[in-house]
Amino acid sequence: MPANPIRPTVSLDEPGKRHGFLKLPYSRNDSAWGSVMIPLTVIVGAPGPTALLTGANHGDEYEGPIALQALAHEVEAEEVTGRLIIVPYFNFPAFTAASRVSPIDQVNLNRAFPGVPDGSVTQKIANYFNDTLVPLADLVVDFHSGGKTLDFLPFACAHYLDDPVQQAACVAAVEAFNAPWSLMLREIDAVGMYDTAVEAQGKVFVTTELGGGGTASARTARIARRGLRNVLIHGGMLSGAPEVEPSVMLEMPDDACYHTAPASGLIEPLADLGDPIVPDQPLARIWATDCTGAQPVTVFAQRDGVLAARHFPGLVQRGDTLAVLAVPQR
Ligand SMILES: [Zn+2]
């Protein structure tokens, strides 16, 4: 296999706190021998476990970058047991462009795993994490939000896994994160995801969906900062008492949770995030955008639950995810 060219500019092992970069050589028109410089902070304290912490896997999601910038700025090595590897802007070119996918190669980092060592820029980032950083980690936290096209109830989540011991460890970490909602998530398209790659390496994995619409709110930024500290306390890497509030555990028992837009048009929402939903309840109307007088298309709930995600901008295209339900665990 060809070698991956990405190198950290600071030691991953020496005690102390270092701010540097993951340097990815990228020769291009405006920089002949240039590199993509992905910001990185490594904090090595007393001997202990390793946490790998990432935000902006998608470049238009902001709660993770906020929480991780704050952590890198505020935490010192003396406060850490083990090692924190902090990458606030995982897909840095996408983050710089405020775009879900990379503007360089149009690749969605979260569908690029396990990556390609001599592939495109995004494929190289995926491969470096898959082969070099994830194997170092005991706990992996990857922050997401809805980006520009989805809006979520703020939740941390774990996946249904084949190994019940690993699944229980992931659920315990999600509960420790203590977002207002905690979810057992069924992915609609798991192939190539970072989540899938990390879980396949047997790691304890926490991911989130903390809001959306291409911005953060005071509430969701606070949830991200608090949850990150809580999960690091749970992992034994930070000391102190976790901040705990009531959290509702949700699950996604089947594919009927996902509602795809059957038509393109103007969305009239008929339910808001967090609303309880009964089967056959109308979730949204889709109105024509090119004429008056046409019958709207109504989308009905395929099952009961609460509205956990909704399409964000006011216009929808056929095939977009329009609404996602989750079911409170009884
Ligand atoms: Zn995302």
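Going along each chain's sequence as written, the residues are numbered from 1 onward. Totals for whole chains, interfaces and linings use all residues, but because this is a predicted model, local features are given only for residues with pLDDT of at least 70 and pairs of side-chain atoms are given and counted only at 80 or more. To obtain the side-chain values, all non-hydrogen atoms of the structure were included, while hydrogens and water were left out.

For the purposes of this entry, the term helix denotes a DSSP run of H or I that reaches at least four residues, the term strand denotes a run of E that reaches at least two, and both are numbered from the N terminus. When its secondary structure is counted, the chain shows six helices and 19 strands. As defined in this context, the radius of gyration uses C-alpha atoms, and a globule is described by 2.2 Å times the residue total to the power 0.38. Computed over the C-alpha atoms, the radius of gyration of the chain is 20 Å, within 12% of the 20 Å expected from 2.2 N^0.38 for a compact globule of 330 residues. Projected onto its principal axes, the C-alpha coordinates of the chain cover approximately 65 × 50 × 35 Å. Buried means the residue's accessible area, taken with a 1.4 Å probe over protein chains only, is under 20% of the maximum for its type, while exposed means over 50%, and partly exposed covers the values in between. Burial analysis of the chain (330 residues in total) assigns 52% to the buried set. Contacts: residue pairs with any heavy atoms within 4.5 Å of one another. Restricting the contact set of the chain to residue pairs at least 6 apart, pairs at least 24 apart contribute 71%. The positive count covers Lys and Arg only, the negative count covers Asp and Glu only, and His and the chain ends enter neither. All charge positions are set by atom: Lys at NZ, Arg at CZ, Asp at CG, Glu at CD. Charged side chains of the chain number 22 positive and 36 negative; the gap between the two group centres comes to 4 Å.

A few words now on helix α4 (residues 164-177). For a helix, the expected span equals 1.5 Å multiplied by the residue count minus one. Taking 1.5 Å per residue as the helical rise, α4 with its 14 residues ought to reach 20 Å, and the 20 Å between its terminal C-alpha atoms agrees with that figure. Within α4, burial applies to Gln166, Cys170, Val171, Ala173, Val174, Ala176 and Phe177. Residues of α4 that are buried in the fold lie against β8 (155-159), β9 (181-185), α5 (194-200), β10 (204-209), α6 (218-234) and β11 (248-251). Here a polar contact is taken to be a pair of N or O atoms separated by no more than 3.5 Å, where protein atoms must pair a possible hydrogen donor with a possible acceptor and residues adjacent in sequence count only if both atoms sit in side chains. Residue aspartate 163 occupies the N-cap position of α4, its side-chain oxygen lying 2.9 Å from the main-chain nitrogen of valine 165. One or two positions beyond α4, positive phi appears at asparagine 178, with a value near 65°.

All right, on to the environment of serine 145 then. Relative to the elements of secondary structure, serine 145 occurs in the loop between β6 (139-142) and β7 (150-152). Separated by 31 residues in the primary sequence, serine 145 and alanine 176 have C-alpha atoms spaced 19 Å apart. Discounting chain neighbours no more than four positions away, the residues touching serine 145 are Glu61, Tyr62, Glu63, Phe152, Thr208, Glu209, Leu210, Gly211 and Gly212. Separated by 2.4 Å, the side chains of serine 145 and glutamate 63 make a polar contact.

Turning to the coordination of the zinc ion, a few remarks are in order. Donor selection uses N, O and S atoms within 2.8 Å of the metal (3.2 Å for Na, K and Ca). Since no water is included, sites may look incomplete. Within the protein, the atoms that donate to the zinc ion are His58 (ND1), Glu61 (OE), Glu61 (OE) and His144 (ND1), at distances of 2.1 to 2.4 Å. Square planar and octahedral sites, with four and six donors, are those where opposite donors lie more than 155 degrees apart and all other angles lie between 65 and 115, tetrahedral sites have four donors with every angle between 85 and 135 degrees, and the rest are irregular. Geometry at the zinc ion is irregular, judged from its four donor atoms and the angles of 57 to 149° they form at the metal. Taken in chain order, the donor set of the zinc ion reads H-x2-E-x82-H. Of the two residues, glutamate 61 sits in the loop between β4 (46-54) and α1 (63-74) while histidine 144 sits in the loop between β6 and β7, which places them 83 residues apart along the sequence. Exposure class is identical for glutamate 61 and histidine 144. Each is buried.

Its place among the elements puts glutamate 14 in the loop between β1 (7-8) and β2 (16-25). For the pair glutamate 14 and glycine 45, spaced 31 residues apart in sequence, the C-alpha separation works out to 9.0 Å.

We now examine the packing of aromatic side chains. Two aromatic rings, taken as a pair, are described by how far apart their centres are and by the angle between their planes. Any two rings among Phe, Tyr and Trp, with Trp reduced to its six-membered ring, count as a pair given centres within 6.5 Å; such a pair is stacked if its planes are under 30 degrees apart, edge-to-face if over 60, and tilted if neither. Going through the model one piece at a time under the given rule, you end up with 12 aromatic pairs. Considering the side-chain rings of phenylalanine 113 and tyrosine 194, the 5.0 Å spacing of their centres and the 45° angle between planes classify their relative orientation as tilted. Placement of the pair is phenylalanine 113 in the loop between α2 (92-96) and α3 (121-133) and tyrosine 194 in helix α5, with a sequence separation of 81 residues. For phenylalanine 113, a relative accessible area of 7% translates into the label buried. Residue tyrosine 194 is classed as buried on the basis of its relative accessible area, which comes to 0%. Within the aromatic cluster, the residues linked to one another by ring pairs are Phe90, Phe113, Tyr128, Phe129, Tyr194 and Phe205.

This next bit is on unusual backbone geometry. Following phenylalanine 113, the chain continues to proline 114 via a peptide bond in cis, the omega torsion being 10°. With respect to the secondary-structure elements, proline 114 resides in the loop between α2 and α3. The phi torsion at alanine 56 lies on the positive side, around 55°, for a residue other than glycine. The residue alanine 56 is located in the loop between β4 and α1 in this model. Located in the positive-phi region is glutamine 106, a residue other than glycine, with phi close to 65°.

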